Amino acid sequence: MKTILKTTDLCKNFKGQMAVNNVSLNIQRNSVYGLLGPNGAGKSTTLKMITGILRPTSGSIEFDGHPWQRGDLTQIGALIETPPLYENLTAYENLKVRTTMLGLPDNRIDEVLHIVRLTDTGKKRAGQFSLGMKQRLGIAIALLNNPQLLILDEPTNGLDPVGIEELRELIRSFPAKGITVILSSHILSEVQQIADHVGIIAGGVLGYENELRNGENLEQLFMDVVKRHHKEV
Ligand SMILES: Nc1ncnc2c1ncn2[C@@H]1O[C@H](COP(=O)(O)OP(=O)(O)OP(=O)(O)O)[C@@H](O)[C@H]1O
Ligand SMILES: [Mg+2]
């Protein structure tokens, strides 16, 4: 099964506004898929439907060859918009709440803290973390259940250049570990450096989807799609 996730004519209507309009995505297993689009394009809304946070108005989602069902969330890890943190708990404690909830062994906590390089925050509470640290903890939470599919909504938000480079390396390492990544971004260079496949969305419409070839002029593609579909938000 080469395709891990497929959406067909996915739509989300918010009080008459088509935030997502007939979006059909094809995500190949063990790849990094970059979902690009300007502010208000419908990226987060699309990702929220894939992770069961929002119910599609119409259209369908297939995961691993079958119609998406809530139980598939055991195979999906996600960080969408701001990480859901308990501000008065430490990084370890934030993860402990989740391992308990998910019935996972506690040694997974140290593993994910190590992966996101957040092992030395000790007693510091998440509310006192910098933006980048919060983002890393959010990614650690998304990784806890060893997901087959990792969904990251603008994961470099708030990260410094070193953090961005580290995260890029980290994301690039996932396909070899059997983790497929969908990440959204409005930063062209980020997607250019990280993705194998790219989808470009504007005004709720997926205007382009293809393998990202070396030396491709992503800026031109992006501008073309935006000109065709972008509506003022
Ligand atoms: N809960 C909601 N109720 C009403 N409208 C919404 C809701 N969530 C999103 N929208 C609208 O849907 C459109 C798409 O929003 P979405 O958050 O998916 O964009 P985005 O591509 O993630 O943008 P950004 O890059 O700014 O995060 C916007 O016009 C937004 O105002
Ligand atoms: Mg968004």
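What counts as what
Residues numbered from 1 in each chain as written. Chains lettered and ligands numbered in written order. Predicted model: local features only at pLDDT ≥ 70, side-chain atom pairs only at ≥ 80, totals over all residues. Heavy atoms only, no water. Helix = DSSP H or I, 4+ residues; strand = E, 2+ residues; numbered from the N terminus. Rg over C-alpha atoms; globule rule 2.2 N^0.38 Å. Contact = heavy atoms within 4.5 Å. Lys, Arg positive; Asp, Glu negative; His and termini not counted. Charge placed at Lys NZ, Arg CZ, Asp CG, Glu CD. Pairing = 2+ DSSP bridges. Expected span 1.5 Å × (residues − 1). Buried < 20%, exposed > 50% of the residue type's maximum accessible area, 1.4 Å probe, protein only. Arc of directions from axis to C-beta. Polar contact = N/O pair within 3.5 Å; in protein donor to acceptor, adjacent residues only side chain to side chain. Axes fitted to C-alpha atoms, helices over the stretch in contact; angles between N-to-C directions.

K.L.:
Outline the overall build of the protein, supporting the account with residue identities and numerical values.
P.N.:
Helix and strand counts for the protein stand at 7 helices and 11 strands. Against the globule reference of 17 Å for 233 residues, the protein gives a C-alpha radius of gyration of 17 Å, in line with a compact fold. For the protein, the spread of C-alpha atoms along the principal axes amounts to about 50 × 35 × 35 Å. Residue pairs in contact within the protein that sit at least 24 positions apart in sequence constitute 67% of those at least 6 positions apart. Positive and negative charge centroids in the protein, built from 25 and 25 side chains respectively, lie 4 Å apart.

K.L.:
Any details on the pairing of strand S1 (residues 3-14)? Residues and values, ideally.
P.N.:
Of the pairings in the sheet, the one linking S1 to strand S3 (residues 26-28) comprises 3 bridges and is antiparallel in character. Bridged to Thr3 within S3 is Gln28. Sheet topology places S1 next to strand S5 (residues 58-63); 5 bridges connect them, and they run antiparallel. Residue pairing for S5: Thr8 is matched across the bridge by Ser60.

K.L.:
How would you summarise helix H5 (residues 161-173) if you had to cite specific residues and measurements?
P.N.:
A rise of 1.5 Å per residue sets the reference length of H5, with its 13 residues, at 18 Å; its end C-alpha atoms lie 18 Å apart and thus fit the reference within 8%. Considered for burial, the residues of H5 that qualify are Gly163, Leu167, Arg168, Leu170 and Ile171. Down the axis of H5, the smallest arc covering the buried residues is 165 degrees, so these residues share one side. Exposed side chains of H5 directed beyond 90 degrees from the buried face belong to Pro161 and Val162. Those residues of H5 hidden inside the fold are in contact with strand S4 (32-36), helix H3 (107-115), helix H4 (131-143), strand S8 (149-153), strand S9 (180-185) and helix H6 (188-194). If you check the start of H5, you find a side-chain oxygen 3.1 Å away from the backbone N of Val162, and it comes from Asp160.

K.L.:
Explain the sheet that holds S9 to me, and be specific about the residues and the numbers.
P.N.:
Strand order in the open sheet formed by 6 strands is S7-S8-S9-S4-S10-S11, with mixed pairing between adjacent strands. Sheet topology places strand S7 (76-79) and strand S11 (205-211) at the edges, where each strand pairs with a single neighbour. On average, adjacent strands in this sheet sit at an angle of 15 degrees to one another, irrespective of strand direction. Inspection of the sheet shows S7 paired to S8 by 4 bridges, in the parallel sense. Residue pairing for S8: Ile76 is matched across the bridge by Leu149. Of the strands in this sheet, S7 and S8 touch H4, which is tilted by about 165 degrees from S7.

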